[in-house]
Amino acid sequence: LTKRILTNSAFAFGVSQYAAATPAMQIRFASLKKIKQRIVASKNIKQITTAMKNVASAKMKQAEVEAKASTNYVMGLNTFLNSLPKEELEKKAGKHIYLTITSDRGLCGAINSTLVRLVLGELKKSPTSPSGEPRTLVILGGKGKDQLTRTHSKVTRVVFDEVQKKNVTFAQACALTDEILGQDFDTLSIFYTKFINTGNLLPSTLDMYSPKKVEEFSSSLNDYEVEPDSEEVMQALYTFYFASNLYHCITTTIASEQASRMIAMDGASRNAKEMIQKLTLLFNRTRQAIITRQLIEITSAAESLK
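This section reports on the structure supplied with the text.

### Examining helix α6 (residues 142-152)
Step number 1: Listed as buried for α6 are Gly142, Gly144 and Leu148. Around the axis of α6, the buried residues are gathered within 135° of arc, so they sit on the same side. Summarising the geometry of α6, the exposed residues directed more than 90 degrees from the buried face are Arg150 and Thr151.
Step number 2: Contact partners of the buried residues in α6: β1 (96-101), α5 (111-125) and β2 (136-140).

In structure tokens:
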């Protein structure tokens, strides 16, 4: 009975000490609660990034198939049109356009910023064409628009946004071709991200020309019997060739975007997992410290009553 009274008295004394040190204890419990909230937030982030990684992986496989299939559109004309005297075309070139193809959405690593840096480097190196005409921009993709129009809005001609919201078809590429070829230019460089494999995404350029400039070399069709005339056929062939290349550049950029997003979300998931482990360890240590301090205070109170 005497022992029970002493124990109860010690407990009451410990409670009184705890009440006296309430502000300090509240800080510790608040810290513990904050750590627990961060653990929950990290788990939610890990769940989201894992889901985004899986979605990007599935979309990447589909985009890779479409990118490889799109090469069939250009292989047939490559042999013929690559034989054009490009040096003569470049000498006569006046107005030049940089067509930049980026993604519409972010959270896909550094592929957009890398491509934009490449475009900005070219603009800085040669802001005008050999004839003195300023080089201008045509932007396809929301991320490219956000970065390039911030500093080069004066030289931006056209912006195509939300084109990649759904799967891009060849018909859409043809419609974009009509809009782009409606611009007044002589030569054009397409900046895009080439999909080689999941770990190799290469910023690339492709030089194209105005169909009107190519029309000058319609004499190369004299060996063939064409109707209505060689100039019109040459212009139509190159327009189709332009649309085919544009479609391929868009599809391979989409595949690169999904591959880069998959890699980025995989890294984010691993970082979130590591953060959860560290926070869990910190939570356990903090909780153990609080429990240990309470036991010390109770034990000290019991010892003081002896």
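### Quick notes on the nonpolar core
Step number 1: By size, the foremost hydrophobic cluster in this structure holds 34 residues, and its most contacted members are Leu99, Ile101, Phe160, Ile180, Leu188, Ile190 and Ile250.
Step number 2: Among the elements of the structure, α2 (22-70), β1, β2, β3 (156-160), α7 (170-181), β4 (187-197), β5 (200-209) and α9 (230-304) are those that each provide at least two residues to this core.
Step number 3: Of all the elements, α9 adds the most residues to this core, at 11 residues.
Step number 4: Apart from residues no more than four positions distant in its own chain, isoleucine 190 is found in contact with Leu99, Ile101, Ser204, Thr205, Leu206, Met208 and Cys249.
Step number 5: Listed in part, the 9 residues of the second largest apolar core include Tyr98, Leu115, Val119 and Ile139.

### Some details on the packing of α5 against α6
Step number 1: Close contact between α5 and α6 brings their axes to 10 Å; oriented N to C, the two are set at 30°. Comparing their axes, α6 and α5 come out roughly parallel. Crossing angle aside, the handedness with which α5 passes α6 is right-handed. Here Asn112, Ser113, Val116, Val119, Leu120 and Leu123 of α5 lie close against α6, whose contacting residues are Lys143, Gly144, Gln147, Leu148, Thr151 and His152.
Step number 2: Here the contact of α5 with α6 is built from residues that sort into 5 nonpolar, 6 polar and 1 charged.

### Notes on the pattern of salt bridges
Step number 1: Across all of its chains, the model carries 9 salt bridges by this definition.
Step number 2: The closest approach of N and O atoms between glutamate 257 and arginine 261, which form a salt bridge, is 3.0 Å. Placement of both glutamate 257 and arginine 261 in helix α9 is noted, with a separation of 4 residues, approximately one turn of the helix. Like arginine 261, glutamate 257 is buried.
Step number 3: When the shortest N-O distance is used, the salt bridge between aspartate 266 and arginine 270 registers 3.3 Å. Residue aspartate 266 and its partner arginine 270 are both found in helix α9; the two are separated by 4 residues, about one turn of the helix.
Step number 4: For aspartate 266, a relative accessible area of 24% gives the class partly exposed.
Step number 5: Given the relative accessible area of 51%, arginine 270 is considered exposed.
Step number 6: Linked through salt bridges whose partners overlap, the residues forming this network are Lys53, Asp266 and Arg270.

Conventions we followed
Residues numbered from 1 in each chain as written. Predicted model: local features only at pLDDT ≥ 70, side-chain atom pairs only at ≥ 80, totals over all residues. Heavy atoms only, no water. Buried < 20%, exposed > 50% of the residue type's maximum accessible area, 1.4 Å probe, protein only. Helix = DSSP H or I, 4+ residues; strand = E, 2+ residues; numbered from the N terminus. Arc of directions from axis to C-beta. Contact = heavy atoms within 4.5 Å. Core = buried A, V, L, I, M, F, W, Y, C linked by side-chain atoms within 4.5 Å. Axes fitted to C-alpha atoms, helices over the stretch in contact; angles between N-to-C directions. Parallel < 35°, antiparallel > 145°, perpendicular 65-115°, else oblique. Left-handed = near helix turned anticlockwise from the far one by under 90°. Nonpolar A, V, L, I, M, F, W, Y, C, P; charged D, E, K, R; others polar. Salt bridge = Lys/Arg side-chain N within 4 Å of Asp/Glu carboxyl O.

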